[in-house]
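# Overview (structure and organization)
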Amino acid sequence: MYVKICGLREPGHVAAAVEAGADAIGFVLTRSPRRTAPERARELAAAVPPHVLTVAVFAGEAPEEVRAAALEAGVRAVQLHGDHPHGDFTALKDLGLTLVRAGAAGADLRCGAFDEDLLIVDAPRPGSGEPWDWAAVRGRPRGRWMLAGGLDPSNVARAIAEARPWGVDVSSGVETAPGVKDAGLIREFVAAARQAAPGGAETA
């Protein structure tokens, strides 16, 4: 079970995610209570070992702005959240970074349809952090896709059982307040997700 912890801003929380075994760590470089500046993201990313994917998250910015901020942040992946057209992904392909597309469950659920490498399937209101009908997407997404939206340590096992994703993505579910992560909740989430991993996710 691939696990991404998003919206990190403090070295201690980055370390907790790495130590817990997270596969990817997200830094929000767009308008959000979790926003961090590219130069701060670079400092945090520098402490992340190569086997953990560092992701810069954007929502609505033009490709030129995304390109500049991602290069400044020194990350290994770019996530475009929301209604970004196919052309935005194509425009960033030459960066050689992993491209992540994140959107609501009603979007095209084929990973790679927009030339992305990873897909995140979020709640009907993407980024809201609200639980939703995870079972509704079971069997629909194709490829390497992560489930997001309202996940936390107490419900991630149920969400995995209902949706059968390749991975999971969490942000507000490991916080004590908007933008304030908790190292204990990060560890609990990663452990719960790994323990709940099915024998084989539906990725055909």
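Residues numbered from 1 in each chain as written. Predicted model: local features only at pLDDT ≥ 70, side-chain atom pairs only at ≥ 80, totals over all residues. Heavy atoms only, no water.

### Topic: the pairing of strand β5 (residues 98-104)
Counting buried residues in β5 gives five out of seven residues, a clear majority hidden from the surface. Where strand β4 (residues 77-81) and β5 come together, five bridges link them in parallel fashion. Across the sheet, the residue bridging to alanine 77 is threonine 98, located in β5. Running through helix α4 (residues 86-92), the crossover from β4 to the neighbouring parallel element β5 is right-handed. (Buried < 20%, exposed > 50% of the residue type's maximum accessible area, 1.4 Å probe, protein only. Helix = DSSP H or I, 4+ residues; strand = E, 2+ residues; numbered from the N terminus. Pairing = 2+ DSSP bridges. Right-handed = clockwise from strand over helix to strand, strands pointing away.)

### Section: the environment of valine 57
Within the secondary structure, valine 57 is located in strand β3 (residues 53-58). Of the residues examined, valine 57 reaches a relative accessible area of 6% and is grouped as buried. Placed 122 residues apart in sequence, valine 57 and glycine 179 show a C-alpha to C-alpha distance of 14 Å. With residues near it in sequence (within four places) discarded, valine 57 still touches Cys6, Phe27, Val28, Leu29, Thr30 and Gln79. (Contact = heavy atoms within 4.5 Å.)

### A look at helix α5 (residues 156-163)
Listed in full, the buried residues belonging to α5 are Val156, Ala159, Ile160 and Ala163. Projection of α5 onto a plane perpendicular to its axis shows the buried side chains occupying an angular sector of 100°, all on one side. Lining the buried residues of α5 we find β7 (145-147), β8 (167-170) and α6 (183-196). (Arc of directions from axis to C-beta.)

### Observations concerning the side chain of histidine 81
Tracing the sequence through the fold places histidine 81 in strand β4. Using a relative accessible area of 17% as the deciding quantity, one classes histidine 81 as buried. A distance of 3.2 Å separates a polar atom in the side chain of histidine 81 from a polar atom in the side chain of aspartate 122. (Polar contact = N/O pair within 3.5 Å; in protein donor to acceptor, adjacent residues only side chain to side chain.)

### A word on the packing of helix α2 (residues 38-46) against helix α3 (residues 63-73)
The interhelical angle for the contact between α2 and α3, taken along N-to-C directions, is 40°, at an axis separation of 7 Å. Comparing their axes, α3 and α2 come out oblique. Contact residues: α2 offers Pro38, Glu39, Ala41, Arg42 and Ala45, while α3 offers Ala69, Leu71, Glu72 and Ala73. Considered class by class, the residues forming the contact of α2 with α3 number six nonpolar, no polar and three charged. (Axes fitted to C-alpha atoms, helices over the stretch in contact; angles between N-to-C directions. Parallel < 35°, antiparallel > 145°, perpendicular 65-115°, else oblique. Nonpolar A, V, L, I, M, F, W, Y, C, P; charged D, E, K, R; others polar.)

### Comments concerning the confidence of the model for the protein
Do not read the predicted coordinates in detail wherever pLDDT is low. For the protein, per-residue confidence averages 93 on the pLDDT scale, and residues scoring 70 or more make up 95% of the total. Confidence drops under a pLDDT of 50 for residues 200-204, and excluding neighbours within four residues, the segment shows 12 contacts in the predicted structure. (pLDDT = per-residue confidence, 0-100.)

### With respect to the pattern of salt bridges
Under the defined criterion, the tally for this structure stands at 10 salt bridges. Note that glutamate 10 and arginine 40 form a salt bridge whose closest N and O atoms lie 3.6 Å from each other. With a gap of 30 residues between them, glutamate 10 in the loop between β1 (2-5) and α1 (11-20) and arginine 40 in helix α2 connect regions that are remote in the sequence. With relative accessibility at 27%, the residue arginine 40 sits in the partly exposed group. A salt bridge links glutamate 116 to arginine 101, with the nearest nitrogen and oxygen atoms 2.9 Å apart. (Salt bridge = Lys/Arg side-chain N within 4 Å of Asp/Glu carboxyl O.)

### Some points on the nonpolar core
Among the nonpolar cores identified, the biggest contains 52 residues, and Ile5, Phe27, Phe58, Val78, Leu147, Val168 and Phe189 are the most heavily contacted of them. Broken down by element, the residue count for this core peaks at five residues, all from α6. Ala24, Ala77, Met146 and Ala148 belong to the second-largest nonpolar core, a separate cluster that totals 15 residues. (Core = buried A, V, L, I, M, F, W, Y, C linked by side-chain atoms within 4.5 Å.)

### Notes on the pairing of β3
Most of β3 is tucked away, with six of its six residues classed as buried. Every second residue of β3 is oriented toward a common face, with Leu53, Val55 and Val57 on one face and Thr54, Ala56 and Phe58 on the other, all of them buried. Pairing analysis gives five bridges linking strand β2 (residues 24-28) to β3, with the strands arranged parallel. Residue pairing across strands places alanine 24 opposite leucine 53, the latter belonging to β3. Between β2 and its parallel partner β3, the chain crosses via α2, and the hand of that crossover is right-handed. Sheet topology note: the β3/β4 ladder contains four bridges and is parallel. Opposite alanine 56, over in β4, you have valine 78 as the bridge partner.

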